Amino acid sequence: MIDFSLTTKQLEIQEKYRDFANRFIRPNRMKYDESCEFPWDIVKQAYKEGLMNGPVPVKWGGNGFGIFESSLGSEELGAACVGIGICIDANTLALTPLLLSGTEDQQKKYFGLIKEQQAVAAYCLTEPNAGSDVAGIKSTAILKGDKYILNGHKRFITNGEVAAFHTVFALTNPEKGARSLTPFIVPTDLPGVEIVSKLKKMGQHASVQNEIKYNDVEVPVENRLGKEGRGFMVAMKTFDRTRTGVAALSLGAAREAYEISRDWAKDRIQFNKPIAANQAVGFMLADMATEIEAARMLTWRAAWSYDNDQKDVSVLSAMSKMYASDVAMKVATNAVQVMAGDGYSKEYPVEKIMRDVKLCQIYEGTNQVQRVVISKRILK
Ligand SMILES: Cc1cc2nc3c(=O)[nH]c(=O)nc-3n(C[C@H](O)[C@H](O)[C@H](O)COP(=O)(O)OP(=O)(O)OC[C@H]3O[C@@H](n4cnc5c(N)ncnc54)[C@H](O)[C@@H]3O)c2cc1C
(Lines give C-alpha, C1' and ligand atoms only; values in the text may rest on other atoms or scores of the structure.)
Protein backbone atom coordinates (compact mmCIF):
# COMPACT_ATOMS: atom_id res chain seq x y z
CA MET A 1 0.00 0.00 0.00
CA ILE A 2 1.50 3.35 -0.98
CA ASP A 3 1.08 6.28 1.38
CA PHE A 4 2.62 9.66 0.60
CA SER A 5 1.67 11.29 3.90
CA LEU A 6 4.42 12.00 6.41
CA THR A 7 4.33 10.54 9.92
CA THR A 8 3.92 12.83 12.94
CA LYS A 9 7.64 12.47 13.68
CA GLN A 10 8.61 13.30 10.09
CA LEU A 11 6.31 16.35 10.12
CA GLU A 12 7.97 17.47 13.35
CA ILE A 13 11.46 17.13 11.83
CA GLN A 14 10.38 19.04 8.73
CA GLU A 15 8.84 21.80 10.86
CA LYS A 16 11.92 22.03 13.08
CA TYR A 17 14.21 22.60 10.09
CA ARG A 18 11.72 24.99 8.44
CA ASP A 19 11.41 27.05 11.60
CA PHE A 20 15.20 27.14 12.06
CA ALA A 21 15.66 28.19 8.41
CA ASN A 22 13.09 30.98 8.81
CA ARG A 23 14.67 32.32 11.98
CA PHE A 24 18.37 32.06 11.16
CA ILE A 25 19.06 31.34 7.49
CA ARG A 26 16.56 33.39 5.44
CA PRO A 27 17.29 36.68 7.26
CA ASN A 28 21.06 36.19 6.79
CA ARG A 29 21.41 34.54 3.39
CA MET A 30 22.23 37.72 1.46
CA LYS A 31 24.71 38.78 4.14
CA TYR A 32 26.69 35.56 3.69
CA ASP A 33 26.28 35.67 -0.07
CA GLU A 34 28.11 39.00 0.04
CA SER A 35 30.69 38.26 2.74
CA CYS A 36 31.66 34.78 1.43
CA GLU A 37 32.36 33.80 5.03
CA PHE A 38 31.58 30.50 6.70
CA PRO A 39 28.39 31.02 8.79
CA TRP A 40 29.73 29.84 12.13
CA ASP A 41 26.94 31.54 14.09
CA ILE A 42 24.30 29.61 12.14
CA VAL A 43 26.18 26.30 12.44
CA LYS A 44 26.58 26.80 16.21
CA GLN A 45 22.87 27.61 16.46
CA ALA A 46 22.09 24.43 14.49
CA TYR A 47 24.16 22.53 17.05
CA LYS A 48 22.26 24.20 19.86
CA GLU A 49 18.93 23.19 18.36
CA GLY A 50 20.05 19.60 17.66
CA LEU A 51 20.00 19.96 13.88
CA MET A 52 23.59 18.99 13.10
CA ASN A 53 24.84 15.48 12.38
CA GLY A 54 21.34 14.18 11.61
CA PRO A 55 22.33 10.66 10.48
CA VAL A 56 24.93 10.12 13.25
CA PRO A 57 23.65 7.44 15.68
CA VAL A 58 21.95 8.75 18.81
CA LYS A 59 24.49 6.95 21.03
CA TRP A 60 27.23 9.15 19.51
CA GLY A 61 25.30 12.37 19.91
CA GLY A 62 23.52 12.53 16.56
CA ASN A 63 19.83 12.22 15.69
CA GLY A 64 19.96 8.77 14.13
CA PHE A 65 17.94 10.06 11.18
CA GLY A 66 17.38 7.86 8.17
CA ILE A 67 18.10 9.28 4.73
CA PHE A 68 14.40 10.11 4.35
CA GLU A 69 14.29 12.28 7.49
CA SER A 70 17.61 13.88 6.50
CA SER A 71 16.24 14.75 3.09
CA LEU A 72 13.20 16.44 4.67
CA GLY A 73 15.63 18.62 6.63
CA SER A 74 17.83 19.31 3.61
CA GLU A 75 14.85 20.48 1.54
CA GLU A 76 14.12 23.14 4.17
CA LEU A 77 17.78 24.19 4.39
CA GLY A 78 18.01 24.36 0.59
CA ALA A 79 14.86 26.47 0.35
CA ALA A 80 16.40 29.04 2.67
CA CYS A 81 19.94 28.94 1.23
CA VAL A 82 21.80 26.12 -0.51
CA GLY A 83 25.15 27.68 0.40
CA ILE A 84 24.41 27.65 4.14
CA GLY A 85 22.64 24.29 3.81
CA ILE A 86 25.72 22.67 2.28
CA CYS A 87 27.87 23.87 5.20
CA ILE A 88 25.71 21.56 7.32
CA ASP A 89 25.29 18.76 4.78
CA ALA A 90 28.98 18.65 3.71
CA ASN A 91 29.73 17.86 7.34
CA THR A 92 27.44 14.85 7.04
CA LEU A 93 29.24 13.88 3.81
CA ALA A 94 32.60 13.95 5.62
CA LEU A 95 31.25 11.87 8.52
CA THR A 96 29.70 9.19 6.30
CA PRO A 97 32.90 7.11 5.73
CA LEU A 98 33.28 7.04 9.53
CA LEU A 99 29.68 5.90 9.80
CA LEU A 100 30.12 3.24 7.10
CA SER A 101 33.51 1.81 7.99
CA GLY A 102 34.69 3.21 11.32
CA THR A 103 35.16 0.97 14.34
CA GLU A 104 33.23 1.52 17.60
CA ASP A 105 36.28 3.27 19.06
CA GLN A 106 36.76 5.51 16.03
CA GLN A 107 33.09 6.45 15.96
CA LYS A 108 33.00 7.16 19.66
CA LYS A 109 36.13 9.32 19.43
CA TYR A 110 35.39 11.35 16.29
CA PHE A 111 31.61 11.67 16.47
CA GLY A 112 32.20 12.63 20.12
CA LEU A 113 34.84 15.19 19.17
CA ILE A 114 32.73 16.79 16.47
CA LYS A 115 29.77 17.16 18.83
CA GLU A 116 31.79 18.31 21.82
CA GLN A 117 33.64 20.98 19.84
CA GLN A 118 30.54 21.87 17.77
CA ALA A 119 32.91 21.44 14.86
CA VAL A 120 32.65 20.44 11.19
CA ALA A 121 34.59 17.96 9.05
CA ALA A 122 35.58 17.92 5.37
CA TYR A 123 35.48 15.16 2.73
CA CYS A 124 38.72 15.10 0.72
CA LEU A 125 38.47 13.06 -2.44
CA THR A 126 38.97 15.39 -5.43
CA GLU A 127 42.45 16.18 -6.75
CA PRO A 128 43.73 18.35 -9.61
CA ASN A 129 43.89 15.31 -11.90
CA ALA A 130 41.13 13.27 -10.30
CA GLY A 131 37.72 14.95 -10.51
CA SER A 132 35.11 12.75 -12.16
CA ASP A 133 37.75 10.03 -12.42
CA VAL A 134 38.15 9.08 -8.75
CA ALA A 135 40.38 6.17 -9.78
CA GLY A 136 42.96 8.76 -10.86
CA ILE A 137 43.77 9.77 -7.25
CA LYS A 138 47.52 10.14 -6.66
CA SER A 139 47.73 11.08 -2.94
CA THR A 140 49.65 8.45 -0.99
CA ALA A 141 49.62 7.19 2.59
CA ILE A 142 52.58 4.88 3.08
CA LEU A 143 52.83 2.79 6.24
CA LYS A 144 55.97 3.41 8.27
CA GLY A 145 55.95 1.82 11.73
CA ASP A 146 52.71 2.81 13.46
CA LYS A 147 52.09 5.83 11.20
CA TYR A 148 50.99 6.41 7.63
CA ILE A 149 52.98 9.15 5.91
CA LEU A 150 50.43 11.13 3.95
CA ASN A 151 51.42 13.19 0.91
CA GLY A 152 49.00 14.63 -1.57
CA HIS A 153 47.14 17.48 -3.14
CA LYS A 154 43.37 17.92 -2.90
CA ARG A 155 41.15 20.67 -4.29
CA PHE A 156 37.58 21.96 -4.14
CA ILE A 157 37.33 20.69 -0.55
CA THR A 158 34.17 22.03 1.12
CA ASN A 159 34.70 23.07 4.78
CA GLY A 160 38.46 22.45 4.30
CA GLU A 161 39.79 25.47 6.21
CA VAL A 162 37.16 25.36 8.95
CA ALA A 163 37.22 21.62 9.62
CA ALA A 164 38.45 19.93 12.81
CA PHE A 165 39.42 16.92 10.73
CA HIS A 166 39.56 15.84 7.11
CA THR A 167 38.41 12.49 5.78
CA VAL A 168 41.18 11.96 3.24
CA PHE A 169 41.28 9.31 0.52
CA ALA A 170 44.80 8.20 -0.40
CA LEU A 171 46.63 5.21 -1.92
CA THR A 172 48.43 2.93 0.51
CA ASN A 173 50.20 1.21 -2.40
CA PRO A 174 50.61 3.40 -5.50
CA GLU A 175 51.52 0.34 -7.61
CA LYS A 176 48.05 -1.08 -6.98
CA GLY A 177 46.42 2.27 -7.83
CA ALA A 178 42.75 2.69 -6.83
CA ARG A 179 42.72 -0.90 -5.50
CA SER A 180 44.68 0.50 -2.55
CA LEU A 181 42.51 3.59 -2.03
CA THR A 182 41.82 4.03 1.70
CA PRO A 183 40.10 6.72 3.80
CA PHE A 184 41.83 8.26 6.83
CA ILE A 185 40.75 10.64 9.58
CA VAL A 186 43.30 13.46 9.48
CA PRO A 187 43.03 16.03 12.30
CA THR A 188 43.77 19.42 10.77
CA ASP A 189 46.18 20.40 13.55
CA LEU A 190 48.66 17.70 12.50
CA PRO A 191 51.92 19.18 11.18
CA GLY A 192 52.04 19.19 7.37
CA VAL A 193 48.36 19.95 6.69
CA GLU A 194 48.52 23.05 4.50
CA ILE A 195 45.55 25.10 3.32
CA VAL A 196 46.91 26.47 0.05
CA SER A 197 44.05 28.66 -1.17
CA LYS A 198 40.34 29.45 -0.98
CA LEU A 199 38.14 29.09 -4.06
CA LYS A 200 36.38 32.16 -5.48
CA LYS A 201 33.18 31.03 -7.08
CA MET A 202 29.84 31.84 -8.77
CA GLY A 203 27.40 30.90 -5.99
CA GLN A 204 26.92 29.12 -2.64
CA HIS A 205 29.15 31.83 -1.20
CA ALA A 206 28.53 30.91 2.44
CA SER A 207 30.31 27.63 1.87
CA VAL A 208 34.11 27.60 1.66
CA GLN A 209 36.28 25.40 -0.57
CA ASN A 210 40.01 24.96 -0.36
CA GLU A 211 42.98 23.60 -2.16
CA ILE A 212 44.92 21.56 0.40
CA LYS A 213 48.34 19.95 0.46
CA TYR A 214 49.44 17.17 2.80
CA ASN A 215 53.19 17.27 3.29
CA ASP A 216 54.60 14.21 5.09
CA VAL A 217 51.67 14.23 7.52
CA GLU A 218 52.12 11.49 10.12
CA VAL A 219 48.70 9.85 10.47
CA PRO A 220 48.39 7.26 13.26
CA VAL A 221 47.45 3.76 12.07
CA GLU A 222 44.33 3.89 14.25
CA ASN A 223 43.01 6.72 12.05
CA ARG A 224 42.62 4.42 9.03
CA LEU A 225 38.94 3.77 8.28
CA GLY A 226 38.37 0.12 7.37
CA LYS A 227 40.83 -2.18 5.68
CA GLU A 228 43.38 -0.90 3.20
CA GLY A 229 42.03 -0.86 -0.33
CA ARG A 230 38.32 -0.47 0.52
CA GLY A 231 38.33 3.28 -0.19
CA PHE A 232 36.80 3.25 -3.66
CA MET A 233 33.85 1.24 -2.38
CA VAL A 234 33.50 3.49 0.69
CA ALA A 235 33.54 6.60 -1.51
CA MET A 236 30.82 5.20 -3.79
CA LYS A 237 28.69 3.95 -0.86
CA THR A 238 29.06 7.39 0.72
CA PHE A 239 27.60 8.98 -2.42
CA ASP A 240 24.72 6.46 -2.40
CA ARG A 241 23.70 8.03 0.92
CA THR A 242 24.53 11.67 0.29
CA ARG A 243 23.47 12.32 -3.31
CA THR A 244 19.86 12.23 -2.12
CA GLY A 245 20.84 15.12 0.16
CA VAL A 246 22.02 17.16 -2.83
CA ALA A 247 18.71 16.29 -4.51
CA ALA A 248 16.82 17.58 -1.47
CA LEU A 249 18.83 20.82 -1.23
CA SER A 250 18.15 21.39 -4.96
CA LEU A 251 14.48 20.64 -4.49
CA GLY A 252 14.24 23.21 -1.69
CA ALA A 253 15.96 25.86 -3.80
CA ALA A 254 13.64 25.12 -6.74
CA ARG A 255 10.60 25.42 -4.46
CA GLU A 256 11.77 28.77 -3.16
CA ALA A 257 12.46 30.19 -6.64
CA TYR A 258 9.08 28.95 -7.87
CA GLU A 259 7.13 30.39 -4.93
CA ILE A 260 8.81 33.79 -5.14
CA SER A 261 8.25 34.09 -8.90
CA ARG A 262 4.66 32.78 -8.69
CA ASP A 263 3.69 35.32 -6.04
CA TRP A 264 5.44 38.09 -7.90
CA ALA A 265 3.67 37.15 -11.17
CA LYS A 266 0.28 37.44 -9.46
CA ASP A 267 1.09 40.99 -8.29
CA ARG A 268 2.95 42.44 -11.24
CA ILE A 269 0.59 44.35 -13.54
CA GLN A 270 1.42 44.93 -17.18
CA PHE A 271 -1.12 45.69 -19.93
CA ASN A 272 -3.72 46.19 -17.12
CA LYS A 273 -3.58 42.62 -15.81
CA PRO A 274 -1.30 40.47 -13.66
CA ILE A 275 1.45 38.97 -15.83
CA ALA A 276 0.43 35.53 -14.43
CA ALA A 277 -2.79 35.88 -16.45
CA ASN A 278 -0.75 35.48 -19.65
CA GLN A 279 -0.68 31.87 -20.72
CA ALA A 280 3.04 32.15 -21.54
CA VAL A 281 3.77 32.95 -17.89
CA GLY A 282 1.11 30.64 -16.42
CA PHE A 283 2.49 27.68 -18.36
CA MET A 284 6.02 28.36 -17.14
CA LEU A 285 4.73 28.32 -13.57
CA ALA A 286 2.73 25.15 -14.26
CA ASP A 287 5.86 23.41 -15.56
CA MET A 288 7.84 24.54 -12.51
CA ALA A 289 5.21 23.24 -10.08
CA THR A 290 4.96 19.90 -11.89
CA GLU A 291 8.70 19.30 -12.16
CA ILE A 292 9.25 20.20 -8.50
CA GLU A 293 6.59 17.67 -7.53
CA ALA A 294 8.24 15.00 -9.73
CA ALA A 295 11.67 15.81 -8.25
CA ARG A 296 10.27 15.46 -4.73
CA MET A 297 8.72 12.08 -5.51
CA LEU A 298 12.00 10.78 -6.95
CA THR A 299 13.99 12.15 -4.01
CA TRP A 300 11.61 10.58 -1.50
CA ARG A 301 11.68 7.28 -3.39
CA ALA A 302 15.51 7.23 -3.45
CA ALA A 303 15.67 8.12 0.25
CA TRP A 304 13.03 5.57 1.23
CA SER A 305 14.79 2.88 -0.84
CA TYR A 306 18.05 3.54 0.96
CA ASP A 307 16.41 3.32 4.39
CA ASN A 308 14.59 0.15 3.44
CA ASP A 309 17.58 -1.69 1.96
CA GLN A 310 16.12 -1.86 -1.50
CA LYS A 311 18.28 -2.82 -4.45
CA ASP A 312 19.15 -0.11 -6.96
CA VAL A 313 19.90 2.51 -4.30
CA SER A 314 22.96 3.66 -6.28
CA VAL A 315 20.95 4.25 -9.41
CA LEU A 316 18.05 5.88 -7.56
CA SER A 317 20.28 8.26 -5.62
CA ALA A 318 22.08 9.17 -8.88
CA MET A 319 18.70 9.74 -10.59
CA SER A 320 17.41 11.89 -7.75
CA LYS A 321 20.55 14.07 -7.63
CA MET A 322 20.64 14.48 -11.40
CA TYR A 323 16.94 15.12 -11.89
CA ALA A 324 16.36 17.41 -8.91
CA SER A 325 19.42 19.57 -9.64
CA ASP A 326 18.52 19.81 -13.35
CA VAL A 327 14.98 20.82 -12.33
CA ALA A 328 16.38 23.37 -9.87
CA MET A 329 18.56 24.93 -12.56
CA LYS A 330 15.65 25.12 -14.98
CA VAL A 331 13.19 26.45 -12.39
CA ALA A 332 15.64 29.07 -11.11
CA THR A 333 16.41 30.24 -14.66
CA ASN A 334 12.70 30.49 -15.45
CA ALA A 335 11.96 32.25 -12.16
CA VAL A 336 14.46 34.94 -13.17
CA GLN A 337 12.79 35.09 -16.60
CA VAL A 338 9.29 35.44 -15.13
CA MET A 339 10.50 38.29 -12.92
CA ALA A 340 12.66 39.73 -15.71
CA GLY A 341 14.55 42.86 -14.56
CA ASP A 342 13.49 42.32 -10.94
CA GLY A 343 14.56 38.68 -11.15
CA TYR A 344 17.99 39.69 -12.36
CA SER A 345 18.38 42.26 -9.59
CA LYS A 346 19.65 41.53 -6.09
CA GLU A 347 16.39 42.88 -4.63
CA TYR A 348 15.01 39.33 -4.86
CA PRO A 349 16.76 36.05 -4.04
CA VAL A 350 16.09 34.30 -7.37
CA GLU A 351 19.32 35.55 -8.99
CA LYS A 352 21.22 34.07 -6.04
CA ILE A 353 19.31 30.81 -6.30
CA MET A 354 20.17 30.61 -10.01
CA ARG A 355 23.88 31.03 -9.17
CA ASP A 356 23.66 28.61 -6.24
CA VAL A 357 21.95 25.68 -7.92
CA LYS A 358 24.40 25.53 -10.83
CA LEU A 359 26.80 23.90 -8.40
CA CYS A 360 24.29 21.18 -7.51
CA GLN A 361 24.71 19.91 -11.08
CA ILE A 362 28.47 19.66 -10.48
CA TYR A 363 29.45 18.45 -7.02
CA GLU A 364 29.16 14.91 -5.67
CA GLY A 365 29.66 13.84 -9.29
CA THR A 366 28.58 15.94 -12.26
CA ASN A 367 25.20 15.19 -13.77
CA GLN A 368 26.99 13.65 -16.75
CA VAL A 369 28.65 11.23 -14.33
CA GLN A 370 25.22 10.46 -12.80
CA ARG A 371 24.05 9.60 -16.31
CA VAL A 372 27.05 7.28 -16.69
CA VAL A 373 26.07 5.54 -13.42
CA ILE A 374 22.43 5.24 -14.51
CA SER A 375 23.11 4.12 -18.08
CA LYS A 376 25.62 1.48 -16.93
CA ARG A 377 22.99 0.08 -14.58
CA ILE A 378 20.06 0.09 -16.99
CA LEU A 379 22.11 -1.32 -19.87
CA LYS A 380 23.68 -4.10 -17.79
C1 LIG B 1 32.22 24.32 -5.01
C2 LIG B 1 32.65 22.88 -5.09
C3 LIG B 1 32.60 22.09 -3.93
C4 LIG B 1 33.12 20.80 -3.95
N5 LIG B 1 33.21 20.08 -2.79
C6 LIG B 1 33.94 18.93 -2.77
C7 LIG B 1 34.26 18.26 -1.55
O8 LIG B 1 33.84 18.67 -0.46
N9 LIG B 1 35.04 17.16 -1.59
C10 LIG B 1 35.52 16.66 -2.75
O11 LIG B 1 36.24 15.66 -2.71
N12 LIG B 1 35.21 17.25 -3.95
C13 LIG B 1 34.46 18.37 -3.98
N14 LIG B 1 34.17 18.99 -5.17
C15 LIG B 1 34.66 18.41 -6.40
C16 LIG B 1 33.53 17.96 -7.33
O17 LIG B 1 32.97 16.78 -6.87
C18 LIG B 1 34.15 17.86 -8.74
O19 LIG B 1 34.33 19.20 -9.18
C20 LIG B 1 33.29 17.09 -9.69
O21 LIG B 1 33.25 15.74 -9.34
C22 LIG B 1 33.82 17.20 -11.15
O23 LIG B 1 35.19 17.10 -11.23
P24 LIG B 1 36.00 18.20 -12.05
O25 LIG B 1 35.56 19.54 -11.59
O26 LIG B 1 37.45 17.89 -11.91
O27 LIG B 1 35.54 18.04 -13.54
P28 LIG B 1 36.08 17.01 -14.64
O29 LIG B 1 36.10 15.63 -14.07
O30 LIG B 1 37.34 17.54 -15.22
O31 LIG B 1 34.93 17.08 -15.73
C32 LIG B 1 34.85 18.11 -16.71
C33 LIG B 1 33.64 17.82 -17.60
O34 LIG B 1 33.80 16.55 -18.25
C35 LIG B 1 32.66 15.74 -17.99
N36 LIG B 1 33.07 14.34 -17.88
C37 LIG B 1 34.14 13.83 -17.23
N38 LIG B 1 34.18 12.52 -17.32
C39 LIG B 1 33.09 12.15 -18.05
C40 LIG B 1 32.56 10.91 -18.48
N41 LIG B 1 33.12 9.74 -18.19
N42 LIG B 1 31.43 10.93 -19.22
C43 LIG B 1 30.80 12.10 -19.51
N44 LIG B 1 31.26 13.30 -19.12
C45 LIG B 1 32.39 13.33 -18.40
C46 LIG B 1 32.10 16.26 -16.67
O47 LIG B 1 30.72 15.94 -16.53
C48 LIG B 1 32.33 17.75 -16.82
O49 LIG B 1 31.30 18.32 -17.57
C50 LIG B 1 33.60 20.26 -5.16
C51 LIG B 1 33.58 21.04 -6.32
C52 LIG B 1 33.14 22.34 -6.30
C53 LIG B 1 33.19 23.17 -7.55
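Worth saying up front: this structure is predicted, and the values here are computed from it rather than measured.

J.: A description of the domain arrangement of the protein chain should follow, citing residues and the corresponding values.
T.: Where interface size is quoted, it is often the accessible area lost as the parts come together. Looking at the protein chain, the domain boundaries give domain 1 (8–116), domain 2 (121–230) and domain 3 (232–378). Computed over C-alpha atoms only, the centres of domain 1 and domain 3 are separated by 20 Å. Contact residues are listed per partner, giving 30 residues for domain 1 and 32 residues for domain 3. Between domain 1 and domain 3 the total buried area reaches about 2500 Å² when both faces are included, carbon and sulfur atoms providing 64% of it. Our count for the domain 1 to domain 3 interface comes out at 8 residue pairs in polar contact (both at pLDDT 80 or more).

J.: I'd like a rundown of the environment of Gly136, residues and numbers included.
T.: Locating Gly136 in the fold gives a position in the loop between strand 1 (121–124) and strand 2 (140–144). Classification of Gly136 as buried rests on a relative accessible area of 13%. Here the alpha-carbon distance between Gly136 and Gly177, two residues 41 residues apart in the chain, equals 8.0 Å. Sequence-distant contacts of Gly136, defined by excluding residues within four places in its chain, comprise Glu127, Asn129 and Ala130.

J.: A description of the environment of Lys311 should follow, citing residues and the corresponding values.
T.: Structurally, the position occupied by Lys311 is in the loop between helix 8 (279–307) and helix 9 (313–344). Separated by 36 residues in the primary sequence, Lys311 and Ile275 place their C-alpha atoms 46 Å from one another.

Rules and cut-offs
- Residues numbered from 1 in each chain as written.
- Predicted model: local features only at pLDDT ≥ 70, side-chain atom pairs only at ≥ 80, totals over all residues.
- Heavy atoms only, no water.
- Domains from an automatic or database assignment.
- Contact = heavy atoms within 4.5 Å.
- Buried area = accessible area lost by both parts, 1.4 Å probe.
- Polar contact = N/O pair within 3.5 Å; in protein donor to acceptor, adjacent residues only side chain to side chain.
- Helix = DSSP H or I, 4+ residues; strand = E, 2+ residues; numbered from the N terminus.
- Buried < 20%, exposed > 50% of the residue type's maximum accessible area, 1.4 Å probe, protein only.

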